[in-house]
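# Inside the fold
Listed below, chain by chain, are the residues.
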Amino acid sequence: MTDFPASRTVILTGAASPRGIGRASAHYLAERGWNIGIIDVEAEAAKRVAEEIALEHGVQAAGAGADVSVEAQVRAAFDELEGQLPQIVALVNLAGVSSPVPYLEVTADEWNRVMGINMNGVHYATRRAVESMVKHGVGRVVSLSSVSAQRGGGTYSKTVYSAAKAGVIGFTRSIARELGQQGITANAISPGPIDTDIMGGTLTDERKEKMAADGVLPRIGTPRDIAAAIAYLISEDAGFVTGQTLNVDGGLYMH
Ligand SMILES: NC(=O)c1ccc[n+]([C@@H]2O[C@H](COP(=O)([O-])OP(=O)(O)OC[C@H]3O[C@@H](n4cnc5c(N)ncnc54)[C@H](O)[C@@H]3O)[C@@H](O)[C@H]2O)c1
């Protein structure tokens, strides 16, 4: 077992949107001593969130723009962040888009857009991050799947999204197996509906109530619910947990 270095960085993709899981998680992790790197297609917002985090929590933070579906952009963003921040110990893949398109209406472009961001993007960021992690013999990778991968949709997004998010689970298990000997763990988080703007805009109380009715708890989730799960899975103490999918979904899917 390799110990964490005293000063360590977590890179989060998709952490720029104001009400998103990524931004809330970046704050949550900075509060717990992590230095923060943010990669988002919204380059200016990524930099702004990083500045706000550095000011508020007194850690090092930097943001870089990249479309995660374009490998060269992802690699350039990592190079930029790695030059400014302490050792990259963790990666959290949050960048994602929804897709409420019924299966019979899915065009090739829609299929490729959603797969490109939600699946290929996870691969590109992970591949680049673990290249750095193996040099130090320690690393944590957490990727956001979705309960819709396990239940066959049923939330807001439909088949392309479910397929990409199911791919994230298979990908996670396989890299967990391949990279375990090199000190790297890989896990997925499978959220139920979380109160962000990804499902076609800010949720009304009525929509929230309907979504909560499917689960066993009387509410939908908050970004903080997911942030806390991320914090655990990337922690030093979670070093014996790998290849898992942690459902944070109010009991929507029990397995
Ligand atoms: N909110 C939910 O109910 C829910 C449920 C299950 C899974 N998830 C997953 O959690 C993750 C975060 O979602 P959220 O709810 O915070 O949504 P969000 O829309 O607030 O955040 C998504 C982030 O990804 C960024 N992004 C989008 N396309 C990108 C690209 N091509 N390259 C780089 N960045 C890009 C956006 O700018 C944004 O900052 C997503 O992967 C989503 O699929 C969310």
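Read on for an overview of the structure. What you see is a predicted model; the values in this text were computed from it and never measured.

Here we take up helix α2 (residues 43–57). Here α2 is 15 residues long and its end C-alpha atoms lie 21 Å apart, about the 21 Å a rise of 1.5 Å per residue gives. Among the residues of α2, those classed as buried are Ala-45, Ala-46, Val-49, Ala-50 and Ile-53. Seen from one end, α2 has its buried residues packed into an arc of 140°, which puts them on one side. Seen from the open side of α2, the exposed residues pointing more than 90 degrees away from its buried face are Glu-44, Arg-48, Glu-51 and Leu-55. Contacts from the buried residues of α2 go to α1 (21–31), β2 (35–40) and β3 (61–65).

The next subject is the site of the ligand. Surveying the vicinity of the ligand reveals 28 residues, the closest of which are Ser-17, Ile-21, Asp-40, Tyr-161 and Thr-196. One of the backbone N or O atoms of Ala-16 is found 3.5 Å from an oxygen atom in the ligand. When its residues are assigned to classes, the shell around the ligand shows 16 nonpolar, eight polar and four charged.

Moving on, we come to the pairing of β3. In summary, the side chains of a regular strand alternate between the two faces of the sheet. Examined bridge by bridge, β2 and β3 share five bridges and lie parallel to one another. In the sheet register, Ile-36 faces β3, and the bridge partner there is Ala-61.

With that settled, the discussion passes to the pattern of salt bridges. Pairing is possible between side chains of opposite charge, provided their charged atoms come close. Scanning the model with the defined rule gives 13 salt bridges in all. Between Arg-23 and Glu-52 there is a salt bridge; the shortest N-O distance is 2.8 Å. Pair noted here: Arg-23 is in helix α1 and Glu-52 is in helix α2, with a separation of 29 residues, a long-range link. Taking relative accessible area as the criterion, Arg-23 reaches 24% and is therefore assigned partly exposed.

Here the focus is the sheet that holds strand β6 (residues 184–191). Strand order across the open sheet formed by seven strands is β3-β2-β1-β4-β5-β6-β7, with parallel pairing between neighbours. In this open sheet, the two edge strands, each paired with only one partner strand, are β3 and β7 (245–248). For this sheet, the mean inter-axis angle between neighbouring strands, taken without regard to orientation, is 20°. Across the face of the sheet, helix α3 (residues 71–82) comes into contact with β1 (9–13), β2, β3 and β4 (88–93) while running at roughly 160° to β3. This element, helix α8 (residues 223–233), spans β4, β5 (139–144), β6 and β7 of the sheet and lies at about 165° to β6.

Parameters at a glance
Residues numbered from 1 in each chain as written. Predicted model: local features only at pLDDT ≥ 70, side-chain atom pairs only at ≥ 80, totals over all residues. Heavy atoms only, no water. Helix = DSSP H or I, 4+ residues; strand = E, 2+ residues; numbered from the N terminus. Expected span 1.5 Å × (residues − 1). Buried < 20%, exposed > 50% of the residue type's maximum accessible area, 1.4 Å probe, protein only. Arc of directions from axis to C-beta. Contact = heavy atoms within 4.5 Å. Near = heavy atom within 4 Å. Polar contact = N/O pair within 3.5 Å; in protein donor to acceptor, adjacent residues only side chain to side chain. Nonpolar A, V, L, I, M, F, W, Y, C, P; charged D, E, K, R; others polar. Pairing = 2+ DSSP bridges. Salt bridge = Lys/Arg side-chain N within 4 Å of Asp/Glu carboxyl O. Axes fitted to C-alpha atoms, helices over the stretch in contact; angles between N-to-C directions.

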